[in-house]
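For reference, the chains in residue letters:
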Amino acid sequence: MSETRIEFEIQPVLPAALARLPTLADDLSYTWDRRIQALFANLDRTLWNACGHNPKMFLRRIAQSTLEAAAANAVFLQEYEAVLSAYGGYLQKPGDARVRRELDAQADLVAYFCAEYGLHESLPLYAGGLGVLAGDHCKAASDLRLPFVAVGLFYRAGYLRQEIDADGRQQLRYVPVQGADLAFVEAVDDRGVPLRLHIDLLGRDVAIRAWIGRLGDLRLILLDTDVEPNSPEDRRITFELYGGDTDTRIAQEIVLGIGGVRALRMLGLQPTVWHINEGHAAFLVLERLREWMREGLDFSTALEVVAAGTVFTTHTPVPAGHDVFPHDMMRHYFPQMIQDLGQGEQGLYALGASPQNALGFNQTSLAIRGSRFHNGVSAVHEMVASANERFIWPEIAPNENPLSHVTNGVHTHTYLATPWVNLFDLRFGRQWRNELTNAAFWHCIDELPDHSWWSVRQLLKLDLIGDLRERLTRQYARHGVVQAEIDRRLKRLSPEHDPLLVGFARRFATYKRATLLLSDPERLARLLADDERPVILVYAGKAHARDDGGQELIRQLHEYSLQPKFLGRLFLVENYDISLARKLVTGVDIWLNNPEFPLEASGTSGMKAAINGAVHLSILDGWWAEGFTGDNGYGIAPIGHGLSDHERNRLEADEICRVLFDVAKPLYFDRNGRGYSSAWIRLAKASQRTVLPRFNAERQVLEYTEHFYGPAARHARRLAADGAAAGRALADWKQRIVTHWPAVRVRLVEGPPPTLRAGAGFRLAIGIELQALDATDICVECQIGVDDGNGGFTVHETCELVAVEGHDDERIFAADVTTTLSGLASLRVRVYPYHALLAQRFEMGRMRWL
């Protein structure tokens, strides 16, 4: 007969001397503040680890005797007071001057919407890179004192814990989340009554609760439908991150986008800038349109006012990353919205139209049409995304359309390992924290003594090896492997063998090609079979529950790792999360990345490894195409198009293996009797020195502030002022352009002679049939340049032509042109709509060429 166990929790009473510990536990700044983390860990490290580094749960479960002993410990109390003082100082820190130049802390507010937030392993509300990026963005916004509020969803099963069984099959189980376990409180009114907002979902009134978390200087608001009196079906809407079917997905995005806007209104917040971080939150555009139309604006004017203050970031060129809902589903879920917007079903569908999905509503398309500031997340991604979304601006070349980029960055204070922080404090003083974006400052890394630098690296590597051995021991034991066999497998993974550790850890999507090095397994086995200079490959990563291809990659890696030729030389570690990621990026010697070009939008794991002194070895895609300088790591040029996938994979695998085993490995083991390789340290220092100031989240958020948030706030104010008079004028002008542009014709009236002397000028005149448009509606531009030899045109000089005369429907535009070029040159003339109220030069997407 089985026994019954009833679990209950005995909570301690905090001694008066430690009464402010909950203050530290209730602020999400613990997710990056090492001193706060260490303060809790030093009370009871075993319990701290058992609680997943969650301070709220930790304080509920710590022994009374432990707290009382700490309250009587002068050393602990001294550190406790120091941590509280530093925390108070952080909250009182003045705003960054670069932010104040763009945004008014009293008048402006940036509302940032994202479906996931990866702040810390104790907050299981993320799936992968998008969430981690959003978490770092919030942390840097707090550091810079940006007027900022973040909005997301509170998932009851927000994160998948991964186990890999003895056959290599990925097993996923959800980690249940309770509000009482996290640093969030339920939003209440002035009387303490829980606030509820409501949305209509297929005729059902769905109640939504808002949880509010303090993250340093800002707030994170998470929405939750698991409340009374919702039906069980509606309570499950926010149960699972990216889970369920298409109906669940659209319901979640309605809660995030429409519910998010209403949550901010309910809390009395009035954003001036709305940042849609990936298309999941794009329905906020519809809700804000409805708000303005209820204020009396017509649809077109409302769209201009809404879009003026909206920023949209797209994060992936992979089609599966862009939500598309069938028109039938949109009609089913949005009957009232269709009525309120007054444009009919087709008018709604047009906002989400894309040529790839004729009968689908594309959230990315809605987000672009509902914003005036759009970006990808690296220079390469800008190129790809601009081409993918060119249908929004059909007559504009992708390299000139309004979609730009802000390359991602990582939150330095979260991912720079504590030993580096201590060494930097010792050598550079605490001032380095204020120089995160100053590239010139970071040349000081070259001045660090090699032995000191190497000691930190070895300390971090030792920590990683210990962590990996613990994880793999548990993993193998669960598979039924006896201890003696476990010891044999882990023999080389030890400080005594000093292996060159190569890490590959990320989401296992097929385009990331986790098994690329195993394209020729016999070759890889030969290259790894060197016990004098051992190389160990460490893999970790999760595949989406419905990604069969990604799961097959995991199964293959597991199978390879158990083959005798790879046993002890290739490891697959389960349950990749933020905690394991921190260990890996700080401890490996080489960080490997081999995506299929150009599908790596940015990637940030390599940045985290580089700032910790690891050497990045990657295909030149995403951020590394910008970060690689030739002497700060290894860049693998992607093989050109035209080859089969198999052939491209083979050639790129060949090159990676050559660099890894013929270049990097000899350099790493070239010790020359010193115990370390001076040449390797020089390479790794260059990695730190160049990556740290260029690819941190502070730089990222400042770029958003200067190029997106500030301009969006100003543009939105301008269009909304005086009852949206400017917005209405712009909307009317755009309608006139759309109506009459097809009739615009361009002809040459007078051009350059076949030859002219250097320094001489010529008269250029262009005739333009404008029909019902005015000369002031257009800009006429002459570009002078040369043929680049590949069918392209390189522009060297430009000049604007002005209206000089006209008759009937044709106006003449002319300019006296001179050029500094010599030899064979060319000119071309283009005409495009112009209005002083446009946010972007080619916002209209129209252009005529001579």
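Cut-offs used in this document
- Residues numbered from 1 in each chain as written.
- Predicted model: local features only at pLDDT ≥ 70, side-chain atom pairs only at ≥ 80, totals over all residues.
- Heavy atoms only, no water.
- Salt bridge = Lys/Arg side-chain N within 4 Å of Asp/Glu carboxyl O.
- Helix = DSSP H or I, 4+ residues; strand = E, 2+ residues; numbered from the N terminus.
- Buried < 20%, exposed > 50% of the residue type's maximum accessible area, 1.4 Å probe, protein only.
- 1 Å grid on protein atoms, 1.4 Å probe; cavity = no way out; pocket = protein on both sides within 12 Å on 5 of 7 lines; lining within 4 Å.
- Points joined across faces, edges and corners; volume = space filled by probe spheres on them.
- Nonpolar A, V, L, I, M, F, W, Y, C, P; charged D, E, K, R; others polar.
- Axes fitted to C-alpha atoms, helices over the stretch in contact; angles between N-to-C directions.
- Parallel < 35°, antiparallel > 145°, perpendicular 65-115°, else oblique.
- Left-handed = near helix turned anticlockwise from the far one by under 90°.
- Contact = heavy atoms within 4.5 Å.
- Pairing = 2+ DSSP bridges.
- Phe/Tyr/Trp six-rings, centres within 6.5 Å; stacked < 30°, edge-to-face > 60°.
- Lys NZ or Arg CZ within 6 Å of the ring centre and 35° of its normal.

Enquirer: An account of the pattern of salt bridges is needed here, citing residue identities and associated values.
Expert: Following the criterion strictly, the structure yields 73 salt bridges and no others. Residues Lys56 and Asp26 are paired through a salt bridge, measuring 4.0 Å at the closest nitrogen-oxygen approach. With a gap of 30 residues between them, Lys56 in helix α4 (residues 55-61) and Asp26 in the loop between α1 (21-25) and α2 (34-43) connect regions that are remote in the sequence. Of the residues examined, Asp26 reaches a relative accessible area of 37% and is grouped as partly exposed. Residue Arg457 is joined to Asp589 by a salt bridge in which the shortest nitrogen-to-oxygen separation is 3.8 Å. With Arg457 in helix α20 (residues 450-478) and Asp589 in the loop between α24 (578-587) and β18 (590-593), this residue pair connects regions lying 132 residues apart in the sequence. Here Arg457 and Asp589 have matching classes, each one buried. Among the ionic contacts, a cluster of salt bridges with common partners joins Arg156, Glu186, Arg196, Arg209, Asp224, Asp226, Glu228 and Arg235.

Enquirer: Outline empty space enclosed by the protein, supporting the account with residue identities and numerical values.
Expert: It is the rolling of a water-molecule-sized probe over the atoms that shows where space remains empty. If you walk through the whole model with that rule in mind, you get three cavities of 30 Å³ or more. In this model, the largest cavity occupies a volume close to 50 Å³. In this structure, the largest cavity is lined by Ala115, Leu153, Tyr155, Tyr242, Arg249, Gln252, Glu253, Leu256 and His280. Classifying every residue of the lining of the largest cavity gives five nonpolar, two polar and two charged.

Enquirer: Before we move on, could you go through the packing of helix α10 (residues 246-266) against helix α11 (residues 284-294) and cite the residues and values that matter?
Expert: Contact pair α10 / α11: the axes reach a minimum separation of 7 Å and the direction vectors enclose 50°. With respect to α11, the element α10 is oriented oblique. Handedness of the crossing formed by α10 with α11: right-handed. The residues of α11 that touch α10, namely those facing Gly257, Ile258, Val261, Arg262 and Arg265, are Leu284, Glu287, Arg288, Arg290 and Glu291. The class makeup of the residues in the contact of α10 with α11 is three nonpolar, one polar and six charged.

Enquirer: Lay out the sheet that holds strand β16 (residues 535-540) in plain terms, naming residues and giving numbers.
Expert: Here we have six strands laid out as an open sheet, ordered β17-β16-β15-β18-β19-β20, and parallel in their pairing. For this open sheet the edge positions go to β17 (570-573) and β20 (634-636), each flanked by a neighbour on one side alone. The average undirected angle you get between the axes of adjacent strands in this sheet is 20°. The sheet contact formed by strand β15 (residues 500-505) and β16 spans six bridges and is parallel. In the strand pairing of β16, Ala505 is matched with Ala540. With respect to the sheet, α20 is in contact with β15, β16 and β17, its orientation differing from that of β17 by roughly 75°.

Enquirer: Tell me what's going on with unusual backbone geometry, and back it up with residues and numbers.
Expert: Look at the link from Glu228 to Pro229: it is a cis peptide, with omega at 5°. Among the structural elements, Pro229 can be located in the loop between β8 (218-224) and α9 (232-235). Note the cis peptide between Phe597 and Pro598, where omega equals 0°. Checked against the element boundaries, Pro598 lands in the loop between β18 and α25 (605-611). Not every positive phi belongs to a glycine, and Leu202 is a case in point at roughly 55°. Counting through the fold element by element, Leu202 comes out in the loop between β6 (196-201) and β7 (204-215). By relative accessible area, Leu202 is classed as partly exposed at 32%. The residue Glu278 is not glycine, and still its phi comes out positive at about 80°. Structurally, the position occupied by Glu278 is in the loop between β9 (273-277) and α11.

Enquirer: For the pairing of strand β22 (residues 761-769), give the residues involved together with the corresponding values.
Expert: The pairing of strand β21 (residues 745-750) with β22 spans five bridges and is antiparallel. What sits directly across from Arg745, in β22, is Glu769. In this structure, β22 lies alongside strand β25 (residues 810-818), joined through nine bridges in antiparallel fashion. Across the sheet, Leu764 pairs through a bridge with Ala815, a residue of β25.

Enquirer: An account of the packing of aromatic side chains is requested, with residue identities and associated values reported.
Expert: As enumerated under the stated definition, the model contains 35 aromatic pairs in all. With a centroid separation of 6.2 Å and 25° between ring planes, the pair formed by Phe283 and Phe325 is classed as stacked. Of this pair, Phe283 sits in the loop between β9 and α11 while Phe325 is found in strand β11 (residues 324-326), placing the two residues 42 residues apart along the sequence. Pair check on accessibility: Phe283 and Phe325 agree, each one buried. Ring geometry for Phe283 versus Phe334: centroids 4.9 Å apart, planes at 55°, classification tilted. Linking Phe283 in the loop between β9 and α11 with Phe334 in the loop between α13 (327-333) and α14 (335-341), this pair joins segments that are 51 residues apart in sequence. Phe283 sits in the buried class, given a relative accessible area of 0%. A connected cluster of aromatic rings, assembled from ring pairs, spans Trp420, Phe424, Phe428, Trp432, Phe441, Trp442 and Trp453. Over the ring of Tyr90 we find Arg145, and its NZ or CZ is 4.5 Å from the ring centre. Sitting over the face of the ring of Tyr668, Arg671 holds its NZ or CZ atom 4.7 Å from the ring centroid.

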